[in-house]
Amino acid sequence: MDILIRKYEDKDLKDMIEIWNEVVEEGEAFPQINPLSGVEEGKEFFESQSFTAVAEVQGKVLGLYILHPNNVGRCGHIANSSYAVKSSSKGMKIGEKLVKNSLEMGKELGFRILQFNAVVKSNVRAINLYEKLGFVKLGIVPGGFLNKNNVYEDIILFYHQL
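Reading the values: the criteria
- Residues numbered from 1 in each chain as written.
- Predicted model: local features only at pLDDT ≥ 70, side-chain atom pairs only at ≥ 80, totals over all residues.
- Heavy atoms only, no water.
- Pairing = 2+ DSSP bridges.
- Helix = DSSP H or I, 4+ residues; strand = E, 2+ residues; numbered from the N terminus.
- Axes fitted to C-alpha atoms, helices over the stretch in contact; angles between N-to-C directions.
- Buried < 20%, exposed > 50% of the residue type's maximum accessible area, 1.4 Å probe, protein only.
- Right-handed = clockwise from strand over helix to strand, strands pointing away.
- 1 Å grid on protein atoms, 1.4 Å probe; cavity = no way out; pocket = protein on both sides within 12 Å on 5 of 7 lines; lining within 4 Å.
- Points joined across faces, edges and corners; volume = space filled by probe spheres on them.
- Nonpolar A, V, L, I, M, F, W, Y, C, P; charged D, E, K, R; others polar.
- Contact = heavy atoms within 4.5 Å.

S.K.: Can you tell me about the sheet that holds strand S5 (residues 113–120), naming the residues and giving the values?
M.R.: Taken in spatial order, the seven strands make up an open sheet running S1-S2-S3-S4-S5-S7-S6, and their pairing is mixed. Each edge of the sheet is formed by a strand with only one pairing partner; in this case those strands are strand S1 (4–7) and strand S6 (136–146). Neighbouring strand axes in the sheet, compared pairwise and without regard to direction, differ in orientation by 25° on average.

Next up, the structure:
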């Protein structure tokens, strides 16, 4: 099975919004509470990133990532990224391809570091992937994430030099 990672196009927006909102509504990984309201808001959001990519399998968008500065000015060389994979497509290595591509794209865009500010401790699949790909664990923020059940979970900070 070939997984194509490419820059998103307007034709992808409906699928992207559906995938993004699925993760937001699960309330287990993304900090956002409100889903994207439609194509106009989704287009504005995805276009505001330094780079937005999709994972396409047999002509279908099954995942995406956004890449943008983690901060401004003297810290603007540090990137941040978020990944979303359609729940029915998990286990197909789509997330791994997305993360690897974001590392390459981050370097290409002139970032020097990719940092994750809030990897939820219960997101074991993501943590295992980041560690496999050489991300360094910076530390833990106790109770840094409020999940959908109103339970505070620890978050882990990671970084990877580009």
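S.K.: Run through unusual backbone geometry, naming residues and quoting values.
M.R.: Even without being a glycine, Lys 93 presents a positive backbone phi close to 70°. Tracing the backbone shows Lys 93 in the loop between strand S4 (78–85) and helix H3 (94–108). Positive phi, normally seen in glycine, also occurs at Asn 150, with a value near 60°. Its location among the elements puts Asn 150 in the loop between S6 and strand S7 (152–161). Judged by its relative accessible area of 59%, Asn 150 is exposed.

S.K.: Tell me what's going on with the pairing of S5, and back it up with residues and numbers.
M.R.: In terms of burial, S5 is largely enclosed, as six of its eight residues are buried. Pairing of S4 with S5 involves two bridges; the strand directions are parallel. Of the residues in S5, the one forming a bridge with Ile 78 is Ile 113. The handedness of the S4 to S5 crossover, carried by H3, is right-handed.

S.K.: Please set out the layout of surface pockets residue by residue, giving values where relevant.
M.R.: A volume near 1,200 Å³ is recorded for the largest pocket. Lining the largest pocket are 48 residues, with Ala 29, Tyr 83, Asn 123, Ala 126 and Tyr 130 positioned closest to its centre. Elements represented by at least two residues in the lining of the largest pocket include exactly helix H1 (13–26), strand S3 (60–69), S4, H3, S5, helix H4 (124–132) and S6. Of the residues contributing to the lining of the largest pocket, the split by class is 23 nonpolar, 16 polar and nine charged.

S.K.: Go over the environment of Gly 63 with me, naming the residues and quoting the values.
M.R.: Among the secondary structure elements, Gly 63 is positioned in strand S3. In this structure, the C-alpha to C-alpha distance between Gly 63 and Ile 19, residues 44 residues apart in sequence, is 6.9 Å. Leaving out residues up to four positions away in the same chain, Gly 63 has contacts with Ile 19, Ala 53, Val 54, Ala 55, Ala 84, Val 85, Ile 94 and Leu 98.

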